[in-house]
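Structure assessment
Next come the chains, spelled out residue by residue.
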Amino acid sequence: MNEGYDVVIVGAGPAGCTLASLLKMRGFRVMVFDDDKRPGLLVGESLLPTVVELMRRLEIEDRVKEFCTHKPGVAFMHRGGLRLDFFFPEKVLGKTPNYSYNIPRPEFDQLLRARAEELGVTFVKRRATVEKGAGEREIQLTQECLDETPELGGEQPKLLVDSTGRARVFARELGIPAKRGGRNDVAYFAHFENFDAESSRDGQVVLSILDHGWSWRIPLPGRVSVGVVLNKEAAKHHGATAVERLESLIETEPILREAGKGRKRVSEVMAYTNYQLISDRGHGPGWVAIGDSHGFVDPMLSPGLFMAMHMADLLDKKVFAEGKGVLEKPDKLASGFEKVEAEMLDWHDAWANIIEYFYDGRIFSMYEGGSKMSELYGKWAVPLIMEKHMSKHITRMVSGVSTRSRYGRGLVAFGAKHLLWETEPPEYYAVR
Ligand SMILES: Cc1cc2nc3c(=O)[nH]c(=O)nc-3n(C[C@H](O)[C@H](O)[C@H](O)COP(=O)(O)OP(=O)(O)OC[C@H]3O[C@@H](n4cnc5c(N)ncnc54)[C@H](O)[C@@H]3O)c2cc1C
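**Quick word on the overall build of the chain**
A count of helical and extended segments in the chain gives 16 helices and 21 strands. For the chain, the C-alpha radius of gyration of 22 Å lies close to 22 Å, the compact-globule estimate for 432 residues. Expressed along its principal axes, the backbone C-alpha trace of the chain runs to roughly 75 × 50 × 40 Å. Here the chain holds 432 residues, and the buried ones make up 47% of them. Put simply, 74% of the contacts in the chain that link residues at least 6 apart link residues at least 24 apart.

Okay, structure coming up:
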């Protein structure tokens, strides 16, 4: 006899599959709707060290190693010639691993799904459809969806989870708006062979501040993912199609032209836009949204997969740890979701805050100021100690270890105010 499912998750991306595995480990009966859209190319290829902790929790790191590239840190290159290297030194990140991985996304998603299946999660290949519900269920699966999914035995689940990414399927059905970020960018990206092996040290991701916009280079096994992010209007001057625009951008930006000499594109070109979105509400009676469907700040610094998987982890620890019984306590469920949502909003705010320093150039001015102090005052001087202290905190913040730290945020704000003497002004370094 079919006993029905406790939780039905819509969307088998990193957020949905992580939550599915964690709930299954706690003994919940979990089903995931997977529309099986696995394009050969998907953004989200550079991960933070904090994601490695989640991989370990899911017991998949050994398998990740087999098809992903070790990532020891990130390099920032500026159009004016400055290079800023962030490595993840062990002592600085505390217990968090001092590395991460660059991942071919479709394969990584497939691994997360395979792990959930091993644990006993049921996957149904279907695009789920939902409609407004009533009473204890604000949203529910449509009758058609129930009828065509025999696994459900005609029963609505106790809890529905929206992990449909930017499709925001539940929020759209319920008419819940989202706050848009301030940037009006578009990102074009593709995979290349023979694209600059040199500027990346041992798998480092390279972010470049270009004449217009910025770019990423993510070393993957046998190829490099190259993406350019710029203002939508500026992009229109580079041709009519995504392919034309990416090629033109590589050819006109000196940093990329040099690095891309002899390149061979080995994938289609994808375009992404309107991705800075934070939902006004991420839960209600009988449902919760996680991952991008709850919110995404910006691709700079790569917080996306960490945020998606961390939210699953938080829900698991803070709401579902007591087991299935919590599903029978709507008030407790609601207050748990409220707490997790508040924490996630604080995370989004913290990411937006530190990312802004990279867009407006203050981080580079600070770095220049710090380097000048080291030259002027030598090894033991107070300014140098301070500069080291500052870099330690910035490294911890950009790697996801202490992004929300009030102290770290205050320290960076102080540095941006007081350490910028005799440096180029932030506008010189800003993303244009
Ligand atoms: C330009 C750009 C660059 C980025 N670079 C990075 C990076 O380097 N590193 C990083 O960590 N993050 C990056 N991100 C963010 C990252 O891609 C996302 O944060 C991450 O994919 C979110 O995971 P998710 O599980 O919430 O959603 P998704 O990965 O979008 O998964 C949602 C899934 O739901 C499925 N689905 C949708 N509707 C339905 C339905 N009705 N029924 C069934 N299934 C459905 C979709 O097909 C999809 O498989 C980037 C984002 C952008 C825009």
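**As for the site of the ligand**
Close to the ligand lie 35 residues; G11, G13, G165, G291 and G304 are nearest. The biggest single contributor to the shell around the ligand is helix α11 (residues 304-318), with four residues. Here the shell around the ligand is built from residues that sort into 18 nonpolar, eleven polar and six charged.

**Points about the domain arrangement of the chain**
Split into domains, the chain comes out as domain 1 (7-68 + 103-178 + 277-351), domain 2 (185-273) and domain 3 (360-429). Of note, the centres of domain 1 and domain 2, computed from C-alpha atoms alone, are 30 Å apart. Taken together, the contacts link eight residues of domain 1 with 14 residues of domain 2. Counted by class, the side of domain 1 that touches domain 2 contains five nonpolar, two polar and one charged residues.

**Quick look at the packing of helix α1 (residues 14-25) against helix α5 (residues 105-119)**
Running from amino to carboxyl end, α1 crosses α5 at an angle of 20°, the nearest separation of the two axes being 9 Å. For the element pair α1 / α5, the angle class is roughly parallel. Pair α1 / α5 crosses with left-handed handedness. Of α5, the residues touching α1 (which contributes P14, C17, T18, A20, S21, K24 and M25) are D109, L112, R113, R115, A116 and L119. In the contact of α1 with α5, the residues fall into seven nonpolar, two polar and four charged.

**Here's the deal with α1**
With twelve residues, α1 should reach 16 Å at 1.5 Å per residue; the first-to-last C-alpha distance of 17 Å fits that figure. Counting buried residues along α1, eleven of its twelve residues qualify, which places the element largely inside the surrounding structure. Taken as a whole, α1 has its buried residues at P14, A15, G16, C17, T18, L19, A20, S21, L22, L23 and K24. Buried residues along α1 sit in contact with β1 (7-10), β2 (30-34), α2 (49-58), α5, β10 (159-162) and α11.

Parameters at a glance
- Residues numbered from 1 in each chain as written.
- Predicted model: local features only at pLDDT ≥ 70, side-chain atom pairs only at ≥ 80, totals over all residues.
- Helix = DSSP H or I, 4+ residues; strand = E, 2+ residues; numbered from the N terminus.
- Rg over C-alpha atoms; globule rule 2.2 N^0.38 Å.
- Buried ≥ 20, exposed ≤ 12 C-beta atoms within 10 Å, placed from the backbone.
- Contact = placed C-beta atoms within 7 Å.
- Near = placed C-beta within 6 Å.
- Nonpolar A, V, L, I, M, F, W, Y, C, P; charged D, E, K, R; others polar.
- Domains from an automatic or database assignment.
- Axes fitted to C-alpha atoms, helices over the stretch in contact; angles between N-to-C directions.
- Parallel < 35°, antiparallel > 145°, perpendicular 65-115°, else oblique.
- Left-handed = near helix turned anticlockwise from the far one by under 90°.
- Expected span 1.5 Å × (residues − 1).

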